[in-house]
Amino acid sequence: AQSVAQPEDQVNVAEGNPLTVKCTYSVSGNPYLFWYVQYPNRGLQFLLKYITGDNLVKGSYGFEAEFNKSQTSFHLKKPSALVSDSALYFCAVRDDGGDSWGKLQFGAGTQVVVTP
Amino acid sequence: GAGVSQSPRYKVAKRGQDVALRCDPISGHVSLFWYQQALGQGPEFLTYFQNEAQLDKSGLPSDRFFAERPEGSVSTLKIQRTQQEDSAVYLCASSLGPGGLGNQPQHFGDGTRLSIL
């Protein structure tokens, strides 16, 4: 069975400072990992994915994520946060079961608050 | 449009009524997923279509929930005899290829917020 954990309900950061949102995962096979962002009253917006290859994945809007197999983590990072980055962030793992058909299993989400 | 479109954006119904939620995926996308997002939670999988075939409905919470995609494009999620616990945001997502291809992201619509009184 696959699972994803986001240990922080909320992350507070000042504008211009580095932002990190934590995610750990548990999978039985190869991990397919995703980050999405959700603004109020909107759907989820794709940021980046890890399938295979380089452990540092670059995505949209200056975000990147570091895949760490030994720590089973996939933390989302941004070197310099903007007030407009304030939103709800979800880590997700693709269910790799035989009949899963690619459905995603999401973490509970982390609210990011960036203050001016 | 270029994205996934869902309608209505908001739906209020009385307990016991039937509701129908519509999803227009990105043109040409083979895979279509429905998720349910309760307040303060991450989305939970409901059902999956590959073209017109419903290949996975393991997440549907009860037999009051029914989904279809008859022509392999637009999909409708129907909830019969609604109950208060059905109140949630219902998200639709589509992806280009078959669901078994793990390297393709799912693109989400803005959802339908369903409130059952």
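Structure's up top.
Okay, so let's go over this structure.

Thresholds applied
- Residues numbered from 1 in each chain as written.
- Chains lettered and ligands numbered in written order.
- Predicted model: local features only at pLDDT ≥ 70, side-chain atom pairs only at ≥ 80, totals over all residues.
- Heavy atoms only, no water.
- Helix = DSSP H or I, 4+ residues; strand = E, 2+ residues; numbered from the N terminus.
- Rg over C-alpha atoms; globule rule 2.2 N^0.38 Å.
- Contact = heavy atoms within 4.5 Å.
- Areas by Shrake-Rupley, 256 points an atom, 1.4 Å probe, with all protein chains shown as cover.
- Lys, Arg positive; Asp, Glu negative; His and termini not counted.
- Charge placed at Lys NZ, Arg CZ, Asp CG, Glu CD.
- Buried area = accessible area lost by both parts, 1.4 Å probe.
- Salt bridge = Lys/Arg side-chain N within 4 Å of Asp/Glu carboxyl O.
- Polar contact = N/O pair within 3.5 Å; in protein donor to acceptor, adjacent residues only side chain to side chain.
- Nonpolar A, V, L, I, M, F, W, Y, C, P; charged D, E, K, R; others polar.
- Pairing = 2+ DSSP bridges.
- Axes fitted to C-alpha atoms, helices over the stretch in contact; angles between N-to-C directions.

Let's shift gears to the overall build of chain A. Scanning chain A for helices and strands turns up zero helices and twelve strands. Along the chain direction, N to C, the helices and strands of chain A fall in the order β-β-β-β-β-β-β-β-β-β-β-β. Against the globule reference of 13 Å for 116 residues, chain A gives a C-alpha radius of gyration of 14 Å, in line with a compact fold. Taken along the three principal axes of its C-alpha coordinates, chain A extends 45 × 30 × 25 Å. Excluding contacts between residues fewer than 6 apart, the proportion of contacts in chain A whose partners are at least 24 apart in sequence is 55%. Accessible surface, chain A as shown: approximately 5500 Å² in total, 48% of it carbon and sulfur. Charged side chains in chain A number 9 positive and 10 negative. The centres of these two groups are separated by 3 Å.

Within the secondary structure, Ser 27 of chain B sits in the loop between strand E3 (19-24) and strand E4 (31-37). As for Ser 27 of chain B and Val 74 of chain B, which are separated by 47 residues in sequence, their C-alpha atoms are 9.6 Å apart.

All names here are of chain B. Cis peptide bonds are those with omega within 30 degrees of zero, and the linkage from Ser 7 to Pro 8 qualifies with -10 degrees. One can find Pro 8 in the loop between strand E1 (5-7) and strand E2 (10-13). Even without a glycine there, the phi angle at Asn 51 is positive, about 55 degrees. With respect to the helices and strands, Asn 51 occurs in the loop between strand E5 (44-50) and strand E6 (53-56). Its identity is not glycine, yet Arg 81 carries a phi of approximately 50 degrees, on the positive side. Tracing the backbone shows Arg 81 in the loop between strand E8 (75-79) and strand E9 (88-95).

Moving on, we get to the interface of chain A and chain B. Taken together, the contacts link 22 residues of chain A with 28 residues of chain B. Broken down residue by residue, the surface that chain A buries against chain B is led by Asn 41, Trp 101 and Lys 103 of chain A, which jointly contribute 33%. For the pair chain A and chain B, the interface holds two salt bridges. In this structure, Asp 110 of chain B engages Arg 42 of chain A in a salt bridge whose closest nitrogen and oxygen atoms are separated by 3.1 Å. Remark: the boundary between chain A and chain B carries ten residue pairs in polar contact (both at pLDDT 80 or more). Sorting the residues of the side of chain A that touches chain B by element identifies strand E5 (33-38), strand E6 (44-50), strand E10 (87-94) and strand E11 (104-106) of chain A as the ones contributing at least two each. The residue inventory of the side of chain A that touches chain B, partitioned by class, reads eleven nonpolar, six polar and five charged.

Strands in a sheet are paired, the pairing made by backbone hydrogen bonds, and the direction either parallel or antiparallel. Residues and elements named next belong to chain B. If you trace the four strands from one edge of the open sheet to the other, you get E1-E3-E8-E7, paired in antiparallel fashion. Of all the strands in the sheet, just E1 and strand E7 (65-68) have a single pairing partner and so form its edges. Sheet twist, expressed as the average angle between the axes of neighbouring strands with direction ignored, equals 15 degrees.

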